[in-house]
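# Residue-level structural notes
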Amino acid sequence: MSKRILVVDDEVVVLGAVGKALQKTDCTIDSVTSAEEALDLLRRTSYDLVITDLMMPGVDGLEFMLRARATGSSAQVIMLTGYPTIQTALKAKRLGAFDYVTKPFTKQELVSVVVRALRKGAMGSAEAGSPGTQKPAGDLYFLPEHSWARIEPDKTVRIGMARAFTSTVGGVTEFKLPKENDLLEQGRMCVVVRAEDGVEHHLHSPLSGRVIEVNQLVLRDPGLAVRDPEGTGWLLRLAANHLDRELYNLMLQ
Amino acid sequence: MLSDEGWIVHQAELLTGEPFSGRPLVFEDTTNFMYIDRGHVIDLESELFLVRGNEKEGQFGLKKQPKFWVKRAISLASGRKYILKLVYQEAFKVQVGLFQVTCVRSGEKEAQVLKRVRGDQRFMQGRTARDSHGNLVRVIDIIEGVDLLNYIYSLNISHEKYFREFFPSILSRTIQAFRAIQFLKENGLCHGDIRNDHILIERCTECFRWIDFDLTEDFSDFDLWSLGNILHCILGKGFVTFRDAIQQHPELSGRFSNDDASVFFPHRVMNLGKVYPYLPTKLNQVLLRFSAGTQSCYSSVSQLVDDLLECSAALEGASAAG
């Protein structure tokens, strides 16, 4: 069944851009220019996702999120803003926003976050673990919602997709992986993940380092990284540059 | 004189004490900085600089990988050593905790900051010069010293001893460094890359000096929140993770909540008062304003500085009384 998305922004240009970017997602999109109109629609219609601007005259995006919850809506929320601050991003996350996207955004960025938000909404609160997968020995350090790193006995580091990421991407048809000897930097995009629906998602690297091995199994069978993301579905092996320092930026499972 | 290869060779050998092999290769255009290497010469507005190599971490606070756009160099005329930052424009997105931040690297922006902070010893000093192609090269004075992070990690003492004996002085100098960031903000500028290894402790003065201003983020309060990481580091004597804390103090197991975590780095403990009970409540409260559980965020650096000044005065008072 087609998903239903509500877009709220006081700038008609932005509504048009969002609608155009999401044209091929097969979603039904309603667009309104004020929080009041959006709340009215939320009371009458069930939405899977709400994309709202942060800075709107009258009721701003954060207040709108609060009021939207009060209508009983369980839609995922993506906050858009041209004036990003950590303070408002933190508030949005605390209120349960799936993501906080800064303008200007590319079509790929928006489609990626929308698809992932819809998938998360469809999963509900269920964990997206894959039963029966293997978890090799060794601590996993996470770049939240993106990737993991595991230190091998020879001090090289394997990295892969976090379950929180794979679960929102869905089936994967192709990975664009860096080549051996390419240099990665912590937090920066390192892998392009092409999902079954054709959408490309960007995975960010948990650590900096030089790529010393690419998992050929995953190149031949991309689904492996979804079925067993923390085991045989690892993506890259790195010679890490600043392991001691950078591990402090990651979350230990 | 500038075209006199003999003079270049003579000066290079005199200043380095090394023989110069071959004919000097002079770059008037630095656009293709990857091709500029040790032993080459850069001509900036008729001043010649002998390139000694690419800058690396530990000498200038940059990452260990060579940064090919940052050259160590000697002025062939004056014999002074400099860092030459060549033009490398890039924009990239980086995941910081739960947030995706867009960063832009710009030489023009760094040049603006250098101009505004000229003579202010809280910052690295430098000037700009254009190459023949119009690239804005930053000619940076070398700061001899160690970065804050390495300094703190080099102190092989207990946290309590560190806190009682070293921290008051570190806090006092950190406040000055934070005031420097406030100064930038008041002048419509930002640092853009606030990290513990971007504060150098100058060897001769022991003053904290900020380096590297070429980045800008799309989050307007990114500098302010980054100062919380500095505070965490100096108060925790390095980064304190939940795992470290529980390993060192098993009795803390089960006593932490998600609210105790850092906003930027969710595995770091911002509520250090739980780990080190002798930390003054007020100081811990300042730190908690950078935690995931904060209900009251700082809206300006000056608010943060005011609170820290209070904490610093209280520490000095306690020290005098003790």
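So, how was this worked out
- Residues numbered from 1 in each chain as written.
- Chains lettered and ligands numbered in written order.
- Predicted model: local features only at pLDDT ≥ 70, side-chain atom pairs only at ≥ 80, totals over all residues.
- Helix = DSSP H or I, 4+ residues; strand = E, 2+ residues; numbered from the N terminus.
- Buried ≥ 20, exposed ≤ 12 C-beta atoms within 10 Å, placed from the backbone.
- Contact = placed C-beta atoms within 7 Å.
- Axes fitted to C-alpha atoms, helices over the stretch in contact; angles between N-to-C directions.
- Parallel < 35°, antiparallel > 145°, perpendicular 65-115°, else oblique.
- Left-handed = near helix turned anticlockwise from the far one by under 90°.
- Nonpolar A, V, L, I, M, F, W, Y, C, P; charged D, E, K, R; others polar.
- Pairing = 2+ DSSP bridges.
- Core = buried A, V, L, I, M, F, W, Y, C linked by C-beta atoms within 7 Å.
- Right-handed = clockwise from strand over helix to strand, strands pointing away.

### Quick look at the overall build of chain B
Helix and strand counts for chain B stand at 9 helices and 13 strands. By principal-axis analysis of the C-alpha atoms, chain B measures approximately 70 × 40 × 35 Å. By residue count, 42% of the 322 residues in chain B fall in the buried class. In chain B, the proportion of contacts linking residues at least 24 apart, taken out of those at least 6 apart, comes to 60%.

### Here we look at the packing of helix α2 (residues 35-44) of chain A against helix α3 (residues 61-70) of chain A
Two quantities define a packed helix pair, namely the angle between the helix axes and the distance between the axes. Residues and elements named next belong to chain A. As a packed pair, α2 and α3 sit with axes 10 Å apart at the nearest point and diverge in direction by 15 degrees. By the criterion of interaxial angle, the relationship of α2 to α3 is roughly parallel. The crossing of α2 and α3 is right-handed. Side by side, α2 and α3 meet where Ala35, Ala38, Leu39 and Leu42 of the first sit next to Phe64, Arg67 and Ala68 of the second. In terms of residue class, the contact of α2 with α3 is built from 6 nonpolar, no polar and 1 charged.

### Remarks on the sheet that holds strand β6 (residues 90-96) of chain B
Residue and element names in this part refer to chain B. If you walk across this open sheet you meet the 3 strands as β6-β7-β13, and the pairing is antiparallel. Each end of this open sheet is capped by a strand with a single partner; those strands are β6 and β13 (215-217). Pairs of neighbouring strands in the sheet enclose a mean axial angle of 30 degrees, with direction left out of account. Two strands pair when backbone bridges link them, and strand β7 (residues 99-105) and β13 are joined in this way by 3 bridges, in the antiparallel orientation. If you follow Arg105 over to β13, its bridge partner there is Leu215.

### Focus on the sheet that holds strand β4 (residues 67-75) of chain B
Residue and element names in this part refer to chain B. Taken together, 7 strands build an open sheet; the order of strands is β1-β2-β3-β4-β5-β9-β8 and the sheet is mixed. Looking at the sheet topology across the chains shown, the edges are occupied by β1 (26-27) and β8 (126-130). Relative to strand β3 (residues 47-55), strand β2 (residues 41-44) runs antiparallel, the two being bridged by 4 bridges. Its bridge partner lying in β3, Val41 is registered against Leu50.

### Section: the nonpolar core
Leu49, Ile78 and Val114 of chain A together with Phe49 of chain B are the most contacted members of the largest nonpolar core, which totals 127 residues. Once you skip the residues sitting within four places of it in the chain, Ile78 of chain A turns out to touch Leu49, Ile51, Ala97, Phe98, Asp99, Val101, Val113, Val114 and Ala117 of chain A. Membership of the second largest hydrophobic core comes to 32 residues, among which are Tyr141, Ala162, Leu203 and Val218 of chain A.

### A closer look at the pairing of strand β5 (residues 99-102) of chain A
Burial along β5 of chain A is two-sided: Asp99 and Val101 of chain A facing one way and Tyr100 and Thr102 of chain A facing the other are all buried. At this point the chain moves from strand β4 (residues 76-81) of chain A, through helix α4 (residues 86-94) of chain A, to the parallel β5 of chain A, and the crossover so formed is right-handed.

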